Amino acid sequence: MPSNLERAKAVIDSRRENAELVAEKKRFELETVSPELKEINYRISRSGLDALKAIGAGSNGVNLIEQLAKQSLELQTKRTEILASLGLPADTLDVHYTCPVCEDTGVKDGHYCECLKALVKQFQFENLCSCAPAKDSTFANFTLDYYEGDARPRMEQIYNYCKNWAADFDKTSNSILMCGQTGLGKTHLSLAIANAVVAKGYNVIYSSAGNLLSKLEKEKFGRLKSDESPEDAVLSCDLLILDDLGTEFVTEFVRAAIYNIVNTRILSGLPTIINTNLLYDEIADKYDKRVYSRIIGDYTPLEFLGEDIRQIKA
Ligand SMILES: [Zn+2]
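All values reported here derive from a predicted model rather than from experimental measurement.

What counts, and where the lines are drawn
- Residues numbered from 1 in each chain as written.
- Predicted model: local features only at pLDDT ≥ 70, side-chain atom pairs only at ≥ 80, totals over all residues.
- Buried ≥ 20, exposed ≤ 12 C-beta atoms within 10 Å, placed from the backbone.
- Helix = DSSP H or I, 4+ residues; strand = E, 2+ residues; numbered from the N terminus.
- Pairing = 2+ DSSP bridges.
- Right-handed = clockwise from strand over helix to strand, strands pointing away.
- Axes fitted to C-alpha atoms, helices over the stretch in contact; angles between N-to-C directions.
- Parallel < 35°, antiparallel > 145°, perpendicular 65-115°, else oblique.
- Contact = placed C-beta atoms within 7 Å.
- Nonpolar A, V, L, I, M, F, W, Y, C, P; charged D, E, K, R; others polar.

**Describing the pairing of strand β6 (residues 272-276)**
In terms of burial, β6 is a largely internal element, 5 of the 5 residues being buried. Along β6, one buried face is formed by Thr272, Ile274 and Thr276 and the opposite face, lined by Ile273 and Asn275, is buried too. Here 4 bridges tie strand β3 (residues 175-179) to β6, and the two strands are oriented parallel to one another. Among the inter-strand pairings, Ile176 is bridged to a residue of β6, identified as Ile273. The sheet contact formed by strand β5 (residues 239-245) and β6 spans 4 bridges and is parallel. Residue pairing for β6: Leu245 is matched across the bridge by Thr276. Tracing the backbone out of β5, into helix α9 (residues 252-267) and back to the parallel element β6 gives a crossover that is right-handed.

Set out below in structure tokens:
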């Protein structure tokens, strides 16, 4: 499987090739309509070649280069006039890149361009995101209508808390423990957070605990070949969201991995969101006692209330 970086480079290459193809096609079409334009395009490319030759000729070429530069400018002006006479803007024949900064090469001044980094992040997010409807779960389509009685004001408070938390997110944000029964909107709200934080340009990993831990276990035993270690990504991403903690099969590996993730991210000061149906003492029983005390000591608890939304909808 190609790495996220390789995938991102391939996307950027095809963007560039496509942009150049579109420009080439446009030029061909217009030259068919206007022989005058074809002539001037030919002279512009000739003058470019002449300039290259003149540069190769060294100091004797200086005057010639100046002359060619002047000529080239005149030709460009002439071309703009021809395009205007066809009712077309001056940049019609330019290549329109998706990223004008790096002209779809992925590199700017010897460094990876932001457009490439953004793609890598996006792939990282998609790879580790175990839930398909990520894009469908937003703050805008979360409804409080399903909550009644005491649940309603509590959930309104939680909704506002999550929305503000996402809006104010940075790498020093606090961690959150979302608890409560199944079907109360924990997954929806944490996906809404993930979407909002990704949109701010942060690196987010969202995964069910079971899925993530089995990926880590495969990596540990060398069955997963990749030049990016999922464990590094999990420990160092800007925001980690672990959905459904407690539904995975708990082994010694899982116990150690959960402790490592929780502990390392607290020590690095990086925010984590954990969703669970477990009660506090179940967390203490199921995992390393230190996981429990870390979470209780460091995470802001949000206790969801209400009736199972999926059952109400059904
Ligand atoms: Zn770029």
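The rest of the description comes next.
**Things to note about the sheet that holds β5**
In space, the 5 strands of this open sheet follow the order β4-β5-β6-β3-β7, with parallel pairing throughout. Each end of this open sheet is capped by a strand with a single partner; those strands are β4 (204-208) and β7 (299-303). Averaged over all adjacent pairs, the angle separating strand axes in this sheet is 15 degrees, with direction ignored.

**Considering the packing of helix α1 (residues 4-33) against helix α2 (residues 35-56)**
Packing of α1 against α2 brings their axes to within 5 Å, and their N-to-C directions diverge by 125 degrees. One finds that α1 runs oblique with respect to α2. Residue-level contacts link Arg27, Leu30 and Glu31 of α1 to Leu37, Lys38 and Asn41 of α2. Residue composition of the contact of α1 with α2, grouped by class: 2 nonpolar, 1 polar and 3 charged.

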